[in-house]
Structure formats: C-alpha cells, structure tokens
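One letter stands for each residue in the lines below.
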Amino acid sequence: MAGLSFTVAIDGPAAAGKGTIARAVAAHFGFAHLDTGLLYRAVGAKGGDPVAVARGLTAADLERDDLRSLAAGQAASRVAVNPEVRAALIAFQRAFARQPGGAVLDGRDIGTVICPEADVKLYVTASPEVRAHRRWLEVGGDEAVVLAEVRERDARDMGRADAPLRAAADAVVIDTSEMSIDAAVAAAVKAVQARR
Ligand code: DC
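These remarks concern the structure in this document. Sequence positions are assigned chain by chain, starting from 1 and proceeding in written order. Only residues with pLDDT of at least 70 are given local features in this predicted model, and only at 80 or more are side-chain atom pairs given and counted; all residues enter the totals for whole chains, interfaces and linings. With hydrogens and water set aside, each side-chain value is computed from the structure's full complement of heavy atoms.

With that settled, consider the packing of helix α4 (residues 70-79) against helix α9 (residues 143-159). Helices that pack against each other are described as a pair by the angle of their axes relative to one another and the distance between those axes. Lines fitted to C-alpha atoms define the axes here, with helix axes fitted over just the stretch in contact, and angles between the N-to-C directions of these axes take values from 0 to 180 degrees. The way it works is that DSSP assigns letters per residue, a run of H or I at least four long becomes a helix, a run of E at least two long becomes a strand, and they are numbered from the N terminus. Where α4 contacts α9, the axes come no closer than 10 Å and their chain directions differ by 20 degrees. In this view, α4 runs roughly parallel relative to α9, as classed from their interaxial angle. Handedness of the crossing formed by α4 with α9: left-handed. Contacts between α4 and α9 pair L70, G73, Q74, S77 and R78 from the former with E149, E152, R153, R156 and D157 from the latter. We call Asp, Glu, Lys and Arg charged. Ala, Val, Leu, Ile, Met, Phe, Trp, Tyr, Cys and Pro are nonpolar, and the rest, Gly among them, are polar. When grouped by side-chain class, the residues that make up the contact of α4 with α9 number one nonpolar, three polar and six charged. The scheme is simple: roughly parallel for angles under 35 degrees, roughly antiparallel for over 145, roughly perpendicular for 65 to 115, oblique for anything else. Note on convention: the crossing is left-handed when the near helix lies turned anticlockwise from the far helix by less than a right angle, right-handed when the turn is clockwise. We call two residues contacting when some pair of their heavy atoms lies within 4.5 Å.

This is the structure:
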C-alpha cells in the first residue's frame, strides 16, 4: 500500500557499529537510510555561525569527502550541544523518517527525540576500548589518543542538556563488543522482522 511508512531508529555511541547495521538493515528491507551524524558533521565542517549553517544546510553540504575524519567528528559533537542547531535539523529528519516505503535513521537521539514513535528502536553499543580499537584500525595513529577521543566524545554526547545520548526505554539493546558484524546485523534484522 503506497504511503505506508515504517521507521527504524538506531542510536548509540561513536564506532559501535550502528552505521554498518543501519546500512545493512536498510538494504535488507529496501528502506531509505539517513546517517544523521552527517548533518552535524556538515555543520561543524562548514565553520562560521553553526545556527545559520544548520538553517541553510543543503544536500550538497553532505557530499563533502572530509566529513568522516576524527576532526569532523569532534567538530560535530561540539556544534551538536547547541539546541538551536538541533532544532534547525529536526524537520528534515522527521520528514525523512515518514517517507513512504520505510526509513532507517541512525544517530544519538532518534528513538528519544526525533522519532519517539518509531516502529523499531535499536540501541547499538560496545565498550569504549573495543570502539576505539575499531576506529584505530580505520584511521591509524596512536591508539591511546583514539581512545581518549572516544571517551571525550561519549562524555559530551551523553552529558549535554539537550537530547543527550541514551537508550529509549523501549529500545532493543545490541552490545557488539564481542559480536561479529554478521552476528550484529542478524540480531538487528531479527528485531526489525519481529515488528513488521
Ligand atoms: O554518528 P557520528 O559519529 O557521525 O556523529 C558525530 C557527532 O554528531 C556526534 O558525536 C554527536 C552528533 N550527533 C548528534 O548529536 N545527534 C545525532 N542524531 C547524530 C550525531
């Protein structure tokens, strides 16, 4: 039936595997996918007044190829504490979530603030050490520095007053610390299947 929406909300800390899981779930069910971290990364990367940048954000801003760096992640986490920045990005995310055919959104506050009515909520997490190790395998450098950055970003994302990172009361928690990617994806697909 055309017009029927189905929303999957996936939240969790940096490098827990939520992006990989979100892409795999979207591909499995044929849903659209939005990595909402990219919105905050694009605002942080552009510089200038973050509120004005957030209000004027365009699709082209999300295409920059430097948005995945550690520096862009830290800049994103800093602009994301600003309630006016967050407010400016809400309408786009909610419209994406309601599109016909189904949508997967991954971020920090999807199940708690953006889509509290989501059909399925997943909270994907892993220990800080495991997440730092995975990030270090991608970016290299000093693993201790990567761990310190993971902890710093966790503290900022979980400690902010507006829309802090936390699992929604009705979220299915998937701890990927000791799981393969395939096992984590299978657990997520099963949780979504159970509610379709
Ligand atoms: O998921 P990510 O690493 O790309 O996110 C980068 C930063 O953006 C993250 O540290 C906090 C912020 N963010 C947010 O506040 N809310 C979201 N829904 C997604 C990301």
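Quick look at α9 now. Take the number of residues in a helix, subtract one, and multiply by 1.5 Å to get its expected span. The terminal C-alpha atoms of α9 lie 24 Å apart, and with 17 residues this matches the ideal 24 Å at 1.5 Å per residue to within 8%. Inspection of α9 places V146, V150, R153, D154, R156 and D157 among the buried residues, and these make up the whole buried set. Buried residues along α9 sit against α2 (37-46), α4 and α8 (128-139). Capping the start of α9 is the job of one residue whose side-chain oxygen sits 2.9 Å from the backbone nitrogen of A144: D142. Relative accessibility decides the category of a residue: with a 1.4 Å probe and only protein chains considered, values under 20% of the type maximum give buried, values over 50% give exposed, and everything between is partly exposed. Under the rule applied, a polar contact is a pair of N or O atoms within 3.5 Å (in protein, one hydrogen donor and one hydrogen acceptor; residues adjacent in sequence only if both atoms are side-chain atoms).

Let's shift gears to the site of the ligand. Whether a residue is near a molecule or strand is decided by its heavy atoms; if any one of them lies within 4 Å of it, the residue is near. Neighbouring residues of the ligand: 15 residues in total, closest R41, R86, R153, D157 and R160. Between D157 and the ligand, the recorded distance is 2.8 Å, taken from a side-chain N or O atom to an oxygen atom. Relative to its unbound accessible area of 450 Å², the ligand is 96% covered by the protein chains. Of all elements in the fold, only α2, α4 and α9 reach the threshold of two or more residues within the shell around the ligand. For the area figures, the Shrake-Rupley method with a 1.4 Å probe applies, and any residue is considered shielded solely by the protein chains shown.

Moving on to the side chain of R41. Residue placement: R41 occurs in helix α2. No salt bridge is formed by the buried R41, whose closest oppositely charged neighbour, D35, lies at an N-O distance of 5.9 Å. Within the structure, the side chain of R41 is placed 3.4 Å from the backbone oxygen of S69, a separation counted as a polar contact. Once residues within four sequence positions are removed from consideration, R41 is found in contact with L67, R68, S69, A72, G73, A76 and R153. In this tally Asp and Glu are treated as negative and Lys and Arg as positive; neither His nor the chain ends contributes. Salt bridges are defined as contacts in which a side-chain nitrogen from Lys or Arg sits within 4 Å of a carboxyl oxygen from Asp or Glu.

Quick look at the nonpolar core now. In this description, a nonpolar core means a group of buried Ala, Val, Leu, Ile, Met, Phe, Trp, Tyr and Cys residues linked to one another through side-chain atoms lying within 4.5 Å. Core analysis: the largest hydrophobic core is formed by 21 residues, its most contacted members being V8, I10, I21, V25, V104, L122 and V192. No other element matches the six residues that helix α10 (residues 181-193) contributes to this core. Aside from chain neighbours lying at most four places away, what touches I10 is K18, I21, A22, V104, L105, D106, G107, I110, L122 and V124.

As a further point, take the environment of L34. Counting through the fold element by element, L34 comes out in strand β2 (residues 32-35). Since its relative accessible area comes to 8%, L34 is described here as buried. Every residue in contact with L34, bar those within four places of it in the chain, is listed here: F92, Q93, F96, V104, L105 and D106.

To continue, consider the sheet that holds β2. In space, the five strands of this open sheet follow the order β2-β3-β1-β4-β5, with parallel pairing throughout. Of all strands in the sheet, those with a lone pairing partner are β2 and β5 (172-175), marking the two edges. Here the strands of the sheet are splayed against their neighbours by 20 degrees on average, with no regard to which way each runs. Here strand β4 (residues 120-125) runs beside β5; their pairing, made up of four bridges, is parallel. Along β5, the bridge assignment pairs T125 with D175. When DSSP locates at least two bridges between a pair of strands, those strands are taken to pair.

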